[in-house]
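A closer look at the structure
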Amino acid sequence: MRKQFVAGNWKMNLDQERSLALAAELRKQVGSVEDVTLAVCPPFVYLKGVAEALAGSSIVVGAQNMYGDPGGAFTGEVSGPMLLDVGCRYVILGHSERRHVLGEGDRLINTKVLAALEFGLKPIVCVGEKLEQRDAGRTEQVVCGQVESVLHGVGRRQMASVTLAYEPVWAIGTGRTATPEQAEEVHVLIRCLVADLFDADVAEDLIIQYGGSVKPENAGELLARENVDGALVGGASLAAQTFVPIVEAARSTGKD
Ligand code: 13P
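Residues numbered from 1 in each chain as written. Predicted model: local features only at pLDDT ≥ 70, side-chain atom pairs only at ≥ 80, totals over all residues. Heavy atoms only, no water.

1. Notes on the layout of surface pockets
Considering only enclosed or pocket space, the largest pocket measures out at about 400 Å³ in volume. Taken together, 17 residues make up the lining of the largest pocket; nearest its centre are K11, M12, Q64, R98 and L102. Of the residues in the lining of the largest pocket, the class split is nine nonpolar, five polar and three charged. Reported here for the second largest pocket is a volume of approximately 350 Å³. Taken together, 17 residues form the lining of the second largest pocket, with A160, S161, V162, D205 and I207 sitting closest to its centre. Broken down by element, the residue count for the lining of the second largest pocket peaks at three residues, all from helix α9 (residues 200-205). Residue composition of the lining of the second largest pocket, by class: eight nonpolar, three polar and six charged. (1 Å grid on protein atoms, 1.4 Å probe; cavity = no way out; pocket = protein on both sides within 12 Å on 5 of 7 lines; lining within 4 Å. Points joined across faces, edges and corners; volume = space filled by probe spheres on them. Nonpolar A, V, L, I, M, F, W, Y, C, P; charged D, E, K, R; others polar. Helix = DSSP H or I, 4+ residues; strand = E, 2+ residues; numbered from the N terminus.)

As structure tokens, this is what we get:
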């Protein structure tokens, strides 16, 4: 059985004081939850402090991006070894904001995925179609194309460290959530593709999160779907009051 995985993507929000206060509150409320994997992904500058605030709890820390090279003349970038050094275990790669606001493409994302795995970081790799692509009936083509590209060259055994996150671009920060049926449909497509690319066991074990306006009110029905193995939460991860109920929803799906 796949264990549900709920991750909070704080994006470029909160300041140092509020980051540490949120980490402390999450530690108090869900810091010993073992039946769901929990991660928070603060901005780079707060990673170390948040990792220290959560040390010894069951909540781990992830970054929101990484550069593929281990070091060198890459002004403004942060490497995988640096992330490990400050206590990160996960790294979000290929988020739609990096794809569509900052111009990252599948090839660059693929190099980052391979590098993260090489360094021993667990990538949470995001895929998802834009509204016009969904409206044109191209969801499967777009999402499967992204999955195939970003996983190019990843070994069968390395797949145990990979999480995929299906985040339809039209549902991110818009308040417009994919219905549980829409999410399940795409998650099944992704799992079938991964079975083709690797094998049935890899596909069966793969954690596929859903992301896009996940809130306490809709988390239960999304997470109850057979192929929805967790959530990548943006806005609702910025307060314990909204994040903790999502964690509780994951716990009560009975999937572990
Ligand atoms: P929202 O939950 O704010 O829609 O953001 C989703 C997301 O982009 C998580 O990575």
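2. Overview of the site of the ligand
If you check the shell around the ligand, you find N9, K11, H95, E167, A171, I172, G173, G212, S213, L232, G234 and G235 and nothing else. The backbone of G173 places a nitrogen or oxygen atom 2.6 Å from an oxygen atom of the ligand. Looking at the shell around the ligand residue by residue, the class counts come to three nonpolar, seven polar and two charged. (Near = heavy atom within 4 Å. Polar contact = N/O pair within 3.5 Å; in protein donor to acceptor, adjacent residues only side chain to side chain.)

3. Some details on the pairing of strand β2 (residues 37-41)
Side chains on a regular strand alternate between the two faces of the sheet. By the criterion of burial, β2 is predominantly enclosed, with four of the five residues buried. In the classification by handedness, the crossover that spans strand β1 (residues 5-9), the intervening helix α1 (residues 16-30) and the parallel β2 is right-handed. Of the strand pairs in this sheet, β2 and strand β3 (residues 59-63) are connected by three bridges, and their pairing is parallel. When the bridges of β3 are listed, L38 appears paired with I59. Between the parallel pair β2 and β3, the chain is carried across by helix α2 (residues 47-54), and the sense of this crossover is right-handed. (Buried < 20%, exposed > 50% of the residue type's maximum accessible area, 1.4 Å probe, protein only. Right-handed = clockwise from strand over helix to strand, strands pointing away. Pairing = 2+ DSSP bridges.)

4. Quick word on the pairing of β3
In terms of residue burial, β3 counts as a mostly covered element, since five of its five residues are buried. Of the two faces of β3, the one lined by I59, V61 and A63 and the one lined by V60 and G62 are each fully buried. With three bridges joining them, β3 and strand β4 (residues 88-93) adopt parallel strand pairing. The residue bridging A63 from the neighbouring strand is V91, located in β4.

5. Considerations on α1
When the terminal C-alpha atoms of α1 are compared, their 21 Å separation across 15 residues agrees well with the 21 Å that a helix rising 1.5 Å per residue should span. Where α1 is buried, its residues touch β2, α2, β3 and α11 (240-251). (Expected span 1.5 Å × (residues − 1). Contact = heavy atoms within 4.5 Å.)

All we've got here are geometric facts, nothing functional implied.
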